[in-house]
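Spelled out, the chains give:
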Amino acid sequence: MTMPQVTPGKKPFAVPVPALAEAIAAEWQGKKTFNAGAMPLTALAYTAIDRVKGETDAIVEVLLAYVDTDTLCYRASTAKTLQDRQREKWDPLLAWAGSKCNALWQTTTGVMPISQPAALHEALREYLKGLPSMRLTACMVLASLYSSLVLAMAVIEKRVDAETAFALSRLEETFQAESWGKDEAVERRQENILNEIKDIARFLRLLGSA
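Since the model is a prediction, treat every value here as computed from it, not as a measurement. (Residues numbered from 1 in each chain as written. Predicted model: local features only at pLDDT ≥ 70, side-chain atom pairs only at ≥ 80, totals over all residues. Heavy atoms only, no water.)

Draft legend 1. Focus on the environment of glutamate 163. Topologically, glutamate 163 is positioned in helix α8 (residues 162-169). Residue classification places glutamate 163 among the partly exposed residues on the basis of a relative accessible area of 43%. Taking the C-alpha atoms as reference points, glutamate 163 and isoleucine 197, separated by 34 residues in sequence, lie 7.2 Å from one another. (Helix = DSSP H or I, 4+ residues; strand = E, 2+ residues; numbered from the N terminus. Buried < 20%, exposed > 50% of the residue type's maximum accessible area, 1.4 Å probe, protein only.)

Draft legend 2. Here's a closer look at the layout of surface pockets. Here the largest pocket defines a volume of roughly 410 Å³. Those elements that place two or more of their residues in the lining of the largest pocket are β1 (74-75), α4 (80-101), α6 (133-146) and α9 (171-180). Ranked by residues supplied to the lining of the largest pocket, first place goes to α9 with four residues. Taken together, the residues of the lining of the largest pocket sort by class into 10 nonpolar, 10 polar and five charged. Each pocket or cavity is described by its volume, and for the second largest pocket that value is around 230 Å³. As for the second largest pocket, its lining consists of 13 residues, and the residues nearest its centre are Val155, Ala162, Ala201, Leu204 and Arg205. (1 Å grid on protein atoms, 1.4 Å probe; cavity = no way out; pocket = protein on both sides within 12 Å on 5 of 7 lines; lining within 4 Å. Points joined across faces, edges and corners; volume = space filled by probe spheres on them. Nonpolar A, V, L, I, M, F, W, Y, C, P; charged D, E, K, R; others polar.)

Draft legend 3. Geometry of the pattern of salt bridges. If you walk through the whole model with that rule in mind, you get eight salt bridges. Residue arginine 85 pairs with glutamate 178 through a salt bridge whose shortest N-O separation is 3.2 Å. Linking arginine 85 in helix α4 with glutamate 178 in helix α9, this pair joins segments that are 93 residues apart in sequence. Residue glutamate 122 is joined to arginine 125 by a salt bridge in which the shortest nitrogen-to-oxygen separation is 2.8 Å. (Salt bridge = Lys/Arg side-chain N within 4 Å of Asp/Glu carboxyl O.)

Draft legend 4. View of the nonpolar core. The biggest cluster of nonpolar side chains holds 72 residues, and the ones touching the most others in it are Leu63 and Leu128. Looking at this core, the element that brings in the most residues is α6, giving 10 residues. Leaving out residues up to four positions away in the same chain, leucine 63 has contacts with Leu128, Leu136, Cys139, Met140, Ala143 and Leu149. (Core = buried A, V, L, I, M, F, W, Y, C linked by side-chain atoms within 4.5 Å. Contact = heavy atoms within 4.5 Å.)

Written out as structure tokens, the structure is:
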């Protein structure tokens, strides 16, 4: 089957760059029906066209929920080795994201929630609204997988690559594995997440190939 002309939502199925269109067409070769697991580029494009485009304000508000819960802002209350690692790896990215928004990110220890400055929320709202629907879709999914809007932004802006961002999002889990040994179920779950992240990274590379 060739690449379909319309999305499941009956909207024209068009992507902004030829390289992405060619990669999506390749996913459809030999296929008769859509399979999200086997066709990740198509799935992301469908989401961008059917769910994100035209609904930017709603999607942005969903993403802004990560501002006050961003993984990078919540530090270990014990284990100095982990604290030092978080400070070394996370502080530069928070500083970078803060410079883009002209506002400082607040950090805390433990799990008690903190409220980030209103100026930060507003600056991020404007940044996210300015993303094209395909990139906003990638940002939305990455923020969910990383539990971090900062890391998602860093990937979108090519500050770090997607796999490095995943490793940064898992500092505490990595530390626990080093201390107590690996959990096979956790390892399999992380591998599945990383594979999804790699698909999104490819989607972003193809979008940038114009």
